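Letter by letter, the chains look like this.
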There are 2 protein chains.
Amino acid sequence: MKNEREVALLKQLILSRKTDEIKRILSRLHPADIAEILEEVKDENKKVFFELMDLEKATEVLEELEPEERIPYIESIPEMHLVKILENMSVDEIIDLLQKLPDEKVEKLMAKLPQEHQQELKSLIKLAQDSAGGIMTTDYVYLYADKTVEEAIEDVRKFGKEAETIYYLYVVDKEKHLLGVLSLRELIAAPRNKRISEIMHKKVVSVRVDEDQEKVAQLISKYSLLAIPVVDEENHILGIVTVDDAMDVLEEETTEDIHKLAGITPEDEILLTTNILGAVKKRLPWLVVCLLGDLISGVVIDGYSTVLEKVMAVAFFIPVLMATAGNVGTQSLALSVRGLATGEISIKNVMKFLVGETFGGMFVGVSCGAIIATVAALWQKDINLSLVVGASMSIAIMFSAFIGVLIPLIFYKIKVDPAVASGPFITTIIDVTALLIYFALTVTFLGIKKTVAFGRF
Amino acid sequence: MKNEREVALLKQLILSRKTDEIKRILSRLHPADIAEILEEVKDENKKVFFELMDLEKATEVLEELEPEERIPYIESIPEMHLVKILENMSVDEIIDLLQKLPDEKVEKLMAKLPQEHQQELKSLIKLAQDSAGGIMTTDYVYLYADKTVEEAIEDVRKFGKEAETIYYLYVVDKEKHLLGVLSLRELIAAPRNKRISEIMHKKVVSVRVDEDQEKVAQLISKYSLLAIPVVDEENHILGIVTVDDAMDVLEEETTEDIHKLAGITPEDEILLTTNILGAVKKRLPWLVVCLLGDLISGVVIDGYSTVLEKVMAVAFFIPVLMATAGNVGTQSLALSVRGLATGEISIKNVMKFLVGETFGGMFVGVSCGAIIATVAALWQKDINLSLVVGASMSIAIMFSAFIGVLIPLIFYKIKVDPAVASGPFITTIIDVTALLIYFALTVTFLGIKKTVAFGRF
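- Under an unreviewed UniProt entry, the name given to chain A is Magnesium transporter MgtE, and the source organism is Caldanaerovirga acetigignens.
- We quote the UniProt Subunit (unreviewed entry) comment for chain A here in full: "Homodimer."
- Per UniProt, chain A has the following entry under Function (unreviewed entry): "Acts as a magnesium transporter."

Take a look at the structure:
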């Protein structure tokens, strides 16, 4: 709670309408802090705050807000101001914003921007939001390969003001083909009369404009880059993605993965703290699918109800069996989905992982089976039942460990997002299977004849 | 599979012992790629690769490996070489490495390093591995406040060679108190005769040396920094944490969170693809705790077994009830644990979130209750049973949604890691509660007298 004092102070000041004081405080706060404070104040006061910031600050604060949070502010800002703010914003942020606004508003705003800016935005706005093109900025510095270091330093001074970063300089030819890269550090250290082409790195890690944003962020992380260039299929440089945007992407993608794993449908437009209907829309779809799936467990019990009628104690172990097998499945799922997301599991070591986890699952299965068999023997004083419960537990756990790992790997292989294999989904499959294993062993080894057939449903 | 070709080629070359060719290929590969390739080759060949790289490259490759992966290589490198490699490595990486080595080895190595280096390492090695101090590097550039821009640029040229980044320059006084910060970009653009104290930013975002590494990474992300300075309680600068290390921390912490959520004990030393015993150690503890917890569900069924004896159909709905309530709990848990991790949920909006999710849970509960009641009515043709099942489902879901959100929030409030409230743990509580609700309603509304008491166990 870093800004608690500021929030309290600002709230007081707004009550007493001391606008000069507010102005002073806002001017010395970091845009990221103002964005946090804005969440705390009433809607009408948010507008007041925006009016009291200078244009540059207002732009920076807007950039700090999530794209969907910007809309209410944008709508309260007079169009004249808005055009100026858009001119100040970095291109990737403008695009994010325009993609959220209604079409007619976008056209109106665009019409007021300089002609060349319009053209650029129009081509960018069509790119997929979750691709390299969707998150790149076109504010970067390029150098021509045939210039000298001296001339290049001058170019950086001149063109670097608008750029998002000047620490990586991209080297191009006259047609803007990406030829190499140079850090500002290397440029400064280089002899003044050398040509850029002589000192640049010719091996550049770059991404195609249609590359998935998660992959882009992973590359930046893997090679510890401050930015990565985005190119088209002919290797023309189109823009760059900077490390701070990569961090945001990773955070966003991780949240999406965790939610999917828990069977929550990702909803772009719906915020966490938003209305109840949003919450329901995120949660209900998978729940209903799994509810219907779990009814099959009921059908299985129905089919074997004569078993329960004869030995009621069989029922006592249904919950622990289903729950433990489900827990093992959830563990395997988490290990493989996360391993795939971080690249720790790849096509190269997938068999090693699958075998390792399956053997691990066998060991876990035998351990848990032994525990439950002991408990069952002590509790029910029925050695046959305890053996059946123990064996069922072991087999069910091995199965769970195996499919909890296998299903996401298959999804990965056929290029479906592995996180779609959500916990609830896997657990449903495991529940039914565990029950079937348990009843099959009960019937076989306890010598109970199953008389009622399936299919009463 | 970027490096597939290289891997195949290198494997062939090593068979035919073409070391010169291998040397050539290794010299033009990025260290991050070599680190990936190393995972693919046999242990004895790994050593060969290390011998064929020059010292600088070998150091960079070691830095790319996870600290625990480095040990086998380190042990195969002759001590003389190792000392040179340590001298080349950045301080934070050396510390990571030394912390994994046995004490006697550390002392032996340290003794061979230059005296002042030894002193520095000895004080750093004591810092907690997951604190700002544990991940910072001491290779940064500082400027004295009273120098001119001209002199400062000269200092950057001179001292910048060793530094991890020269893009942020930290301004200090003679006692190394942190006074301000300046970007290289601003320094270059500034008039040559100005004093540093006149152009520096006096508001610096910094972290205390004992700050948690996750918090450090979040600050870097929030303020879009390339590095953050680490200070002691008297505001002396001790080092910096760079954005690439922050990304690694976020990845590591996220993996830990996802694993904890799935009831997997984080094991620092054990790698994903490692031996079976490692897998078992990660998985078994929570499983056994939950297994014992889930036995209570069995005791509940035992206590109500007369109910099942009279109306067997009651048993058919036990799995779907437990599973659906468990799924809702898992969803709530994921929403709140992730919301807390990203800072989307904070003390300020926690009530809003709790109320929103609980009302959402009520709506979800009523929806699922209606569905299962309809199914039960059609299947069992028993309107009373279907009402009991529907009502139990609704109540159990509301309860699950509520405690799935509440428990991590309580943990957060009492400063326990919210991710400890793992899915299996919450599900166990929910399973037992759902059963108790179901049987209580059954006894009350189906008019079945519960004759057998609890406590046979």
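That was the structure; now back to the text.
### Points about the nonpolar core
Burial of nonpolar side chains together is a common tendency in soluble globular proteins.
Thinking step 1. The biggest cluster of nonpolar side chains holds 183 residues, and the ones touching the most others in it are Phe49, Leu184 and Leu187 of chain A together with Phe49, Leu184 and Leu187 of chain B.
Thinking step 2. What Phe49 of chain B contacts, discounting residues up to four positions off in sequence, is Leu10, Ile14, Ile22, Leu26, Ile37, Leu38 and Val41 of chain B.
Thinking step 3. Within the second largest apolar cluster, 125 residues are counted, among which are Phe316, Ala334, Met393 and Leu409 of chain B.

### Points about the environment of Thr137 of chain A
All names here are of chain A.
Thinking step 1. Looking at the element boundaries, Thr137 is found in the loop between helix 11 (132-135) and strand 1 (142-144).
Thinking step 2. For the pair formed by Thr137 and Asp103, sequence separation is 34 residues and the distance between their alpha carbons is 22 Å.
Thinking step 3. Sequence-distant contacts of Thr137, defined by excluding residues within four places in its chain, comprise Ser90, Val91, Asp92, Glu164, Gly239 and Ile240.
Thinking step 4. A polar contact is formed between the side chain of Thr137 and the backbone nitrogen of Asp139, at a distance of 3.0 Å.

### Concerning the interface of chain B and chain A
Thinking step 1. Listed per partner, the contact involves 116 residues of chain B and 116 residues of chain A.
Thinking step 2. Around 10,400 Å² of area is buried between chain B and chain A when both sides are counted, 68% of it from carbon and sulfur atoms.
Thinking step 3. Among the residues of chain B in contact with chain A, Arg185, Met247 and Arg283 of chain B are the three that bury the most area, contributing 8% of the side total.
Thinking step 4. Two residues, Lys222 of chain A and Glu36 of chain B, come together in a salt bridge whose shortest N-O distance is 3.0 Å.
Thinking step 5. Where chain B touches chain A, the interface holds 28 residue pairs in polar contact (both at pLDDT 80 or more).
Thinking step 6. Here the side of chain B that touches chain A takes 18 residues from helix 17 (residues 276-303) of chain B, the largest share from any one element.
Thinking step 7. Grouping the amino acids of the side of chain B that touches chain A by side-chain chemistry returns 61 nonpolar, 27 polar and 28 charged.

Reading guide: rules and limits
- Residues numbered from 1 in each chain as written.
- Chains lettered and ligands numbered in written order.
- Predicted model: local features only at pLDDT ≥ 70, side-chain atom pairs only at ≥ 80, totals over all residues.
- Heavy atoms only, no water.
- UniProt positions renumbered as here; feature names shortened; annotations may be inferred.
- Core = buried A, V, L, I, M, F, W, Y, C linked by side-chain atoms within 4.5 Å.
- Buried < 20%, exposed > 50% of the residue type's maximum accessible area, 1.4 Å probe, protein only.
- Contact = heavy atoms within 4.5 Å.
- Helix = DSSP H or I, 4+ residues; strand = E, 2+ residues; numbered from the N terminus.
- Polar contact = N/O pair within 3.5 Å; in protein donor to acceptor, adjacent residues only side chain to side chain.
- Buried area = accessible area lost by both parts, 1.4 Å probe.
- Salt bridge = Lys/Arg side-chain N within 4 Å of Asp/Glu carboxyl O.
- Nonpolar A, V, L, I, M, F, W, Y, C, P; charged D, E, K, R; others polar.

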